[in-house]
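Descriptive structure summary
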Amino acid sequence: MHYTRTIWRPPYEADSLIIEATAGCTHHRCKFCTLYEDLPFAFRPSPLEDIEADLLEAQTWYHDPLRKAEERLFDLEGASADRVFLAGANPFGLKAHHLLAIAGLVRRYFPGCRSIGCFARVTDVAAKTDDELAALARAGFDGLTIGIETGDNKALAFMEKGYESAAIVKQCRRLDGAGIGYAFFYLAGISGAGRGIEGARATAAVANETRPWLIGANMLTVYPTSELYRDMQRGLWAEAGEVEKYEEIKELVARLEIPTRFAMLGASNPVMLAGSLPDQREEITAALDRIINDIGEERLRTYRANLRHL
Ligand code: SF4
């Protein structure tokens, strides 16, 4: 398989067939991000020949859901390519015709594949026409994961995310119109020390205008190789405490009015949890209170300080 250095995927894509469509990120500027620093380049689309070769190779251990057992090369029960996840920071930034060509290859090798997902930036959606989004939906694109990080415009600008909160709402509504579902990644702590509650309120206001099937909260971990770390050394930004980040998440959970899944499942979270909103709001809040009261700042800080890798 043509996998380039570390491959990142959302926790809920664990059962998906992962095919690398791009390596690195077209934006490559967010101050806190160190995810693709092990690459010798900023961004590279995978050649279609590599994608095709990987799909061919994947047939040896993933079976197509439509293919009868006797037609399979190997009979590995459970390894069914119902869903393909295109790896890379933002494969959705590829031109629509390129994404449609990838979808065509997926269909050729796995005709029973039900959907294709990937990470997407808000700006990737903005760069496509409504007709292109509709064509991508017909080709199977669904369940994008968008790292909106926050709805706090001050934080978005400082971190150089490359869009404002209004763009999140606008582009997600276009995805809704096209029938392409999406999940959000939220980054607790991105607003900095003393501004977490403000950031959570701004994010809830944005999320309440959209329809993410899931909001996945991650917690900011500042690594010494990041631009953000250098800003901290220069006194330009101060990191929120661990308990403050959990208070921020509690505020977000309290203010979300849309029906959605809420999850904290990545390695940046010292405690994993997941539930449905609004039905499990009380349980989620109680779990967050237990983390704050029973674990506390010092032990949470120890976890963060020892988190060598996300
Ligand atoms: S868009 Fe995502 S992958 Fe790219 S620099 Fe920002 S956080 Fe990192």
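Residues numbered from 1 in each chain as written. Predicted model: local features only at pLDDT ≥ 70, side-chain atom pairs only at ≥ 80, totals over all residues.

**Here's the deal with the domain arrangement of the protein**
As assigned here, the protein comprises domain 1 (1–120) and domain 2 (143–310). Between the C-alpha centres of domain 1 and domain 2 there is a distance of 26 Å. At the junction of the two partners, domain 1 supplies 16 residues and domain 2 supplies 20 residues. (Domains from an automatic or database assignment. Contact = placed C-beta atoms within 7 Å.)

**A short note on the nonpolar core**
Core analysis: the biggest nonpolar cluster contains 73 residues, and Ile19, Val84, Leu86 and Val106 have the highest contact counts within it. Residue contributions to this core peak at 6 residues, all from strand S7 (residues 182–188). Every residue in contact with Leu86, bar those within four places of it in the chain, is listed here: Ile19, Ala21, Pro91, Ile102, Ile116 and Cys118. (Core = buried A, V, L, I, M, F, W, Y, C linked by C-beta atoms within 7 Å. Buried ≥ 20, exposed ≤ 12 C-beta atoms within 10 Å, placed from the backbone. Helix = DSSP H or I, 4+ residues; strand = E, 2+ residues; numbered from the N terminus.)

**Describing the packing of helix H4 (residues 130–138) against helix H6 (residues 165–178)**
As a packed pair, H4 and H6 sit with axes 9 Å apart at the nearest point and diverge in direction by 50 degrees. For the element pair H4 / H6, the angle class is oblique. Seen from above, H4 lies across H6 with right-handed handedness. In this structure, H4 uses Asp130, Leu133, Ala134 and Ala137 to contact H6, whose residues at the interface are Arg174, Leu175, Gly177 and Ala178. (Axes fitted to C-alpha atoms, helices over the stretch in contact; angles between N-to-C directions. Parallel < 35°, antiparallel > 145°, perpendicular 65-115°, else oblique. Left-handed = near helix turned anticlockwise from the far one by under 90°.)

**Things to note about the pairing of strand S9 (residues 260–264)**
Most of S9 sits out of view: 4 of its 5 residues are buried. Note that strand S8 (residues 214–219) and S9 share 3 bridges and pair parallel. Bridged to Gly216 within S9 is Ala263. With 5 bridges joining them, S9 and strand S10 (residues 273–277) adopt antiparallel strand pairing. Looking at the pairing, Phe262 lines up with Gly275 of S10. (Pairing = 2+ DSSP bridges.)

**Notes on the environment of Tyr229**
Position of Tyr229 relative to the elements: it lies in helix H8 (residues 227–233). What makes Tyr229 partly exposed here is the crowd of 17 C-beta atoms within 10 Å. For the pair formed by Tyr229 and Lys31, sequence separation is 198 residues and the distance between their alpha carbons is 8.4 Å. Beyond its immediate chain neighbours, meaning those up to four positions away, Tyr229 contacts Val222, Tyr223 and Pro224.

**Considerations on the site of the ligand**
Residues in contact with the ligand, as listed here, are Cys25, His27, His28, Arg29, Cys30, Cys33, Leu35, Ala89, Arg121 and Gly147. Partitioning the shell around the ligand into residue classes produces 5 nonpolar, 3 polar and 2 charged. (Near = placed C-beta within 6 Å. Nonpolar A, V, L, I, M, F, W, Y, C, P; charged D, E, K, R; others polar.)

**As for the packing of helix H2 (residues 96–109) against H4**
With their axes 10 Å apart at the nearest point, H2 and H4 run at an angle of 10 degrees to one another. The orientation of H2 with respect to H4, classified from their angle, is roughly parallel. Note on element contacts: H4 touches H2 through Glu132, Ala135 and Leu136, opposite Ala96, Leu99 and Leu100.

**Quick word on the environment of Val122**
Relative to the helices and strands, Val122 resides in helix H3 (residues 122–126). Residue classification places Val122 among the buried positions, given that 22 C-beta atoms sit within 10 Å. Each C-alpha atom, one on Val122 and one on Leu252, is 21 Å from the other, the two residues being 130 residues apart in sequence. Not counting residues within four places of it along the chain, the set of residues in contact with Val122 comprises Ile146, Ile148, Tyr163, Ala167, Ile168 and Gln171.

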